[in-house]
Amino acid sequence: MAQEEGGSLSEVRARVGASHGITDLGHKLHFYDRWAPDYDQDVAALQYRAPRLAVDCLTQALPGPPHAALILDVACGTGLVAAELQARGFLQLHGVDGSPGMLERARARGLYQNLSLCVLGQEPLPSSEGTFDAVLMVGALSDGQVPCSAIPELLRVTKPGGLVCLTTRTNPSNLHYKEALEATLDRLEQAGGWERLAAWPVDRGNWPHPSLRWCPEPLTAMGSSLASSTCTESRRGPRWRE
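Residues numbered from 1 in each chain as written. Predicted model: local features only at pLDDT ≥ 70, side-chain atom pairs only at ≥ 80, totals over all residues. Heavy atoms only, no water.

Novice: What is the right way to look at the overall build of the chain in this model?
Specialist: Of regular secondary structure, the chain possesses eight helices and seven strands. Among the 242 residues that make up the chain, the fraction classed as buried is 52%. Of the contacts made within the chain by residues no fewer than 6 positions apart, 68% connect residues no fewer than 24 positions apart. In the structure as shown, the chain presents an accessible area of about 10,600 Å², 52% of it carried by carbon and sulfur atoms. (Helix = DSSP H or I, 4+ residues; strand = E, 2+ residues; numbered from the N terminus. Buried < 20%, exposed > 50% of the residue type's maximum accessible area, 1.4 Å probe, protein only. Contact = heavy atoms within 4.5 Å. Areas by Shrake-Rupley, 256 points an atom, 1.4 Å probe, with all protein chains shown as cover.)

Next up, the structure:
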């Protein structure tokens with residue numbers, strides 16, 4: 001895609017903006033297939049920090065040693081989250097994505113023990129109930145990607161007491177989705193499905209100013225563009241934190 005459109009910062013921003021504007025899932029997956037060869041260099045040009053800051057959040061919240069944790073990276077893309085996880089000692093990594101082109105790039109990194117094609121929201125995750133110590137979804141919670149109705153599926157595959165870390169954009173084009181997502185999270189929390197550990201907005205290019213809810217310690221979370229992050233703990237069965 002970069003070969004066709006050039007590689008200037010303005011063109012990179014235009015590509016990212018175009019991806020945000022696609023609300024049809026099939027069209028968005030096709031866009032990501034074409035974008036996959038240039039995705040890493042494009043988001044690096046924009047100083048995309050969401051993978052690093054989400055993994056920072058998980059690392060501080062996870063009570064056990066990272067090498068012992070089984071992690072699922074949902075909407076894993078090219079594997080940027082896996083690179084951050086490995087750098088912090090997480091070695092048992094599984095990934096799913098709906099774009100074959102993105103999965104090809106992720107597979108080339110050699111960091112995942114298992115990668116699966118899965119369009120979350122149209123089909124269940126290819127894992128049994130209570131499989132993972134932690135589930136992350138970074139950058140896929142917006143219109144035309146993963147619907148809010150798929151959040152319970154993340155909880156299904158998370159172990160009792162495990163962690164779920166989510167990020168979403170808070171720029172104007174995503175506010176309607178963000179409101180629906182927050183309502184979904186609140187309903188699940190009220191139903192006893194999980195406990196929110198931390199959630200706060202992040203300003204473009206700055207570190208977050210936390211607004212903590214039921215959080216035992218300050219957690220660093222989502223960054224890069226306008227965004228928000230939620231780190232939660234499953235409440236099905238025994239809990240890791242007392």
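Continuing now.
Novice: What should I look at first to understand helix 5 (residues 80-87) in this one?
Specialist: Residue pairs spaced three or four apart in an α-helix point in one direction, given the helix's 3.6 residues per turn. Three or more residues of helix 5 are buried, namely Val81, Ala82 and Leu85. Down the axis of helix 5, the smallest arc covering the buried residues is 95 degrees, so these residues share one side. Just downstream of helix 5 lies Gly89, where phi reads positive at about 95 degrees. (Arc of directions from axis to C-beta.)

Novice: Even after reading the chapter, I still don't get the pattern of salt bridges, so can you show me in this structure?
Specialist: Side-chain pairing between opposite charges can occur once the charged atoms of the two side chains come close. Taken as a whole and assessed by the stated rule, the structure comprises nine salt bridges. The salt bridge partner of Asp56 is Arg88, with a shortest N-O separation of 2.7 Å. Of this pair, Asp56 sits in helix 4 (residues 50-61) while Arg88 sits in the loop between helix 5 and strand 2 (92-97); the two residues are 32 residues apart in sequence, bridging distant segments of the chain. The class of Asp56 is buried, set by a relative accessible area of 16%. Under the relative-accessibility criterion, Arg88 is labelled partly exposed at 23%. Ionic pairing is found between Glu84 and Arg88, a salt bridge with its closest N-O pair at 2.8 Å. You can call Glu84 partly exposed: its relative accessible area is 22%. Among the charged side chains, a network of salt bridges with common partners joins Asp56, Glu84 and Arg88. (Salt bridge = Lys/Arg side-chain N within 4 Å of Asp/Glu carboxyl O.)

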